[in-house]
Amino acid sequence: MELEIERTEVLRYLQTSKDLKDDNINRLIKEATAEIKDLINFRYLYRKFPIELNEDGIKVRGTTLTLKGKSIKKHLSNSKEIYIMAATLGSQVDKKISYYEKVSVTKSMIFDACATTAIEAGCDQVEKEIKEKVLAAGNEAITFRYSPGYGDLGIDIQKEILRILNAPKKIGLTASKYNMLLPTKSVTAIIGVIAEKGEEEQQSQENLNSVRKDDNLEERDLEFESRHCQNCLLYEDCELRRKGIYCGAKG
């Protein structure tokens, strides 16, 4: 699977204008993009699970995993099944980022942004693959992928997610004692299966259309908000969002 590393997305993670004219930065982005493609060993896996709501949260049936928090409950309010996925760029990317941290802060930041863009591009392709299976089975849609750390869904479930997917053995993905994924340019996420859209999904689209009309945001920002920000508990009061900056929840 070849991963597309879009320059505009790299600039987003660098919190820089997509129209940046700095020849040196643009050259470094081009060089980092070429270099990282040679290092990436993209691996992924996913499994489907039935879920049920109980007093502790959302129980992932057939496992010991329970998803806790208001945000994930809202996210999966119209789902009876979920896909849990994990993906990684591999350890060589981490090693190169560490190397550049010792050599050049600028190159390290740019390489890191390219890596984040790459893992997100990979996850987009995995999400597309899952969606095709879900629609082929007669369902109406899927939710966007929701990762530990979004909203009030804690990262303390990382190890259990990896365990039930057998990710350490299958794709070499583990978690530290602080629940940080290793390699670091990796993602775990939960995707809900929507058999039939309810009023909440329709209202969400109406809200997005209202944002488009009132705030005149660019298409890429609108998509980001619809997939990530609108399900965050801090959405209404987020100072970063008001400034057109995002917290990095994508990766």
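Residues numbered from 1 in each chain as written. Predicted model: local features only at pLDDT ≥ 70, side-chain atom pairs only at ≥ 80, totals over all residues. Heavy atoms only, no water.

An unreviewed UniProt entry lists the protein under the name Vitamin B12 dependent methionine synthase, activation domain, with Halanaerobium congolense given as the organism.

### Examining the pattern of salt bridges
Side chains carrying opposite charge are able to pair once their charged atoms draw close together. Rules: Here a salt bridge means any side-chain nitrogen of Lys or Arg lying within 4 Å of a carboxyl oxygen belonging to Asp or Glu. Helix numbers and strand numbers start at the N terminus; a helix is a DSSP run of H or I with at least 4 residues, a strand a run of E with at least 2. Each residue gets one of three labels from its accessible area relative to the maximum for its type: buried under 20%, exposed over 50%, partly exposed in between, using a 1.4 Å probe on protein chains only.
Within this structure, the stated rule accounts for 9 salt bridges. A salt bridge links lysine 185 to aspartate 112, with the shortest nitrogen-to-oxygen separation between them at 3.2 Å. Of this pair, lysine 185 sits in the loop between β7 (181-182) and β8 (186-194) while aspartate 112 sits in helix α5 (residues 105-136), and the two are 73 residues apart along the sequence. Among the salt bridges present, the one from arginine 163 reaches glutamate 160, with a minimum N-O distance of 2.8 Å. With arginine 163 and glutamate 160 both in helix α6 (residues 158-165) and 3 residues apart, this pair spans about one turn of that helix. Judged by relative accessible area, glutamate 160 falls into the buried class, the value being 17%. Residues participating in the shared-partner salt-bridge network are Glu120, Asp124, Glu127 and Arg145.

### With respect to helix α4 (residues 91-103)
Using the following cut-off: To estimate the expected span of a helix, count its residues, drop one, and scale the result by 1.5 Å. Picture the helix axis, draw a direction to every C-beta atom, and the arc is the one those directions span. Pairs of residues are marked as contacts when any of their non-hydrogen atoms sit within 4.5 Å.
Between the first and last C-alpha of α4 there are 19 Å, a value that for 13 residues agrees with the 18 Å anticipated at 1.5 Å per step. Restricting attention to buried positions, one finds in α4 the residues Val93, Asp94, Ile97 and Tyr100. All buried residues of α4 lie within an arc of 125° about the axis, which places them on one face of the element. What points out from α4, more than 90 degrees from its buried face, is the exposed set Lys95, Lys102 and Val103. Considering only its buried residues, α4 is in contact with α2 (23-39) and α5.

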